[in-house]
Amino acid sequence: MSRSWKRTPLSAVGAVGAVTALTVLTACGGGDGNTAAPGADGKPVAITFWGWAKGTKEVVDAFNASHTDIKVKFEEIPSGNAGGYAKISNAVKAGNAPDLVSIEYPMLPEFVSQGSVQDIGPLFGDDLKKKFLPQAVELTTLGGKNWAVPFDAAPQAFYYRKDLFEKYGVQVPATWAEFRAAAEKVKKADAKARIGTFFPDDPTTFQAMAWQAGAQWFKAEGDTWKVNTADAATTKVSAYWQQLLDDDLVRNNASFSPEWTNSLKNGGTVGYLGAAWGAGVLKGTLPEQNGKWAVAPMPTWDGRAASGMLGGSTFAVPKNSRKAAAAVEFATWMTTTEAGIKARIASGTSSAFPAAAELRPAAKKAFDAGYFGGQDIYRVFEDAGKSITPNWAWGPSTGTTNSVIKDRFGKVTGGGATIADAVRAGHDATVAELKRRGLKVEG
């Protein structure tokens, strides 16, 4: 039975938010306490903001057009895994970081553990917290402190070429067994076509699959981190995707690469295992395929609804910013107002699924569903959000974990490694890194 997010115990989904182990990490984080109110000197407060999410420029333009006390200068940076996080980290170290940055949920504990972002708790009161899914708040609460403003949730979804599925006589798969059967049918119908893609450069997609299957890579008990990437759920997911690769039933291309995009353009890839935000990616990347795509729930292992979360963004204030109040006010506007969500989604490139539940009707209304033949895609996202599997928590060294897995994933097709090898290498590197930081580790 799927579990509604509203009924999931907070301690299960965001375990890192209340454990003793993180008090060691968060002690070094936080700003200088300067939270001067925006416009206190009678002039607009100028803040800088770095991010990469679709529709961000339009959001900044809308904010600047409607506000006189704060002015935002936006700089688009590469997505986090494509160099954005390295850019942010380097800027923090150099003392020239912006006032607000985009950080995905998986990476937030890493930035907190490095002391790179401020505790915004004094600016993030209970009234504001109530606007967001409790789980989103928990994933941004570490060591009892609030480190970021949640923006979206990112339940998984399966996008597929409706026209080609009909042409090839392929049924939309509800289980992973059916997904493999569908993959075989697609390949048989067109030897050059594949049902989907394994992304060797993006461990978070694989992690979402493991999350969906019930894995729990990180668990904090007392002052000890328990790390386990070799549990039954992860082992099952690793073996499944390894077999799909070995049997040449899916592509192996970097996410959002020219190779991946071209295969979608020419019908060489007819499906995309992504998240709620993926609808905007497809719409912005493949406008010529308007009306040809549809979205379905992710296949599951037993046919019952289940989802992991693939990405999802937050807004954090780097430690050296002296304009935290203005930065949080802008972040709050982006995440909790209809004007903010409409500006983003009306850009035509974003399908954000707001963590603030009351904004979802506005998001649905702003998104032009014509690209998906008028399908109510936000209903699919809503149902997927309710089925997110509990008990997953992100560890404090996600950067190390993902860097090592990504490196090994890149060697899988050459026969130099397997998916299981890559995950094990990530485990070993994670344990070593946590021990290097002086933390107690089991695993």
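Residues numbered from 1 in each chain as written. Predicted model: local features only at pLDDT ≥ 70, side-chain atom pairs only at ≥ 80, totals over all residues. Heavy atoms only, no water.

A. Broad picture of the layout of surface pockets. What the largest pocket holds in volume is close to 780 Å³. Around the largest pocket, the lining is made up of 32 residues, and of these Trp52, Ser79, Phe256, Trp277 and Val281 lie nearest the centre. The set of elements that each furnish at least two residues to the lining of the largest pocket consists of helix H12 (258-265) and helix H13 (278-285). Counting residues per element, the lining of the largest pocket draws most heavily on H13, at 3 residues. Partitioned by chemical class, the residues of the lining of the largest pocket number 10 nonpolar, 14 polar and 8 charged. Taken as a whole, the second largest pocket encloses approximately 440 Å³ of empty space. Lining the second largest pocket we find 21 residues, and of these Tyr85, Ala86, Ser89, Met107 and Gly399 sit closest to its centre. (1 Å grid on protein atoms, 1.4 Å probe; cavity = no way out; pocket = protein on both sides within 12 Å on 5 of 7 lines; lining within 4 Å. Points joined across faces, edges and corners; volume = space filled by probe spheres on them. Helix = DSSP H or I, 4+ residues; strand = E, 2+ residues; numbered from the N terminus. Nonpolar A, V, L, I, M, F, W, Y, C, P; charged D, E, K, R; others polar.)

B. Representation of the sheet that holds strand S8 (residues 156-161) within the structure. Strand order across the open sheet formed by 3 strands is S13-S8-S14, with antiparallel pairing between neighbours. On the outer flanks of this sheet lie strand S13 (271-275) and strand S14 (293-296), each paired with one strand and no other. Pairwise comparison of adjacent strand axes, ignoring direction, gives a mean angle of 25° for this sheet. Note: S8 against S14, 4 bridges, orientation antiparallel. Paired with Tyr160 across the two strands is Ala294, which belongs to S14. Along the sheet, helix H17 (residues 377-386) contacts S8 and S14; its crossing angle with S14, the most-contacted strand, is approximately 25°. (Pairing = 2+ DSSP bridges. Axes fitted to C-alpha atoms, helices over the stretch in contact; angles between N-to-C directions. Contact = heavy atoms within 4.5 Å.)

C. Main features of the pattern of salt bridges. Within this structure, the stated rule accounts for 24 salt bridges. One salt bridge connects Lys219 with Glu221, and the closest N-O pair in it is separated by 3.2 Å. The residue Glu338 makes a salt bridge to Lys342 at a minimum N-O spacing of 3.5 Å. Residue Glu338 and its partner Lys342 are both found in helix H15 (residues 338-345); the two are separated by 4 residues, about one turn of the helix. (Salt bridge = Lys/Arg side-chain N within 4 Å of Asp/Glu carboxyl O.)

D. Region of the structure containing H15. Along H15, the residues classified as buried are Gly340, Ile341, Ala343, Arg344 and Ile345. Buried residues along H15 sit in contact with helix H3 (56-66), strand S15 (313-316), helix H14 (324-336), strand S16 (353-354), helix H16 (360-366) and H17. (Buried < 20%, exposed > 50% of the residue type's maximum accessible area, 1.4 Å probe, protein only.)

E. Highlighting the packing of H3 against H14. Look at H3 against H14: their axes get within 11 Å of each other, and the N-to-C directions meet at 115°. Relative to H14, H3 is oriented roughly perpendicular. Between H3 and H14 lies a crossing of right-handed hand. The segment H3 lies against H14, with Val59, Val60, Ala62, Phe63 and Ser66 engaging Phe330, Trp333 and Met334. Per-class residue counts for the contact of H3 with H14 are 7 nonpolar, 1 polar and no charged. (Parallel < 35°, antiparallel > 145°, perpendicular 65-115°, else oblique. Left-handed = near helix turned anticlockwise from the far one by under 90°.)

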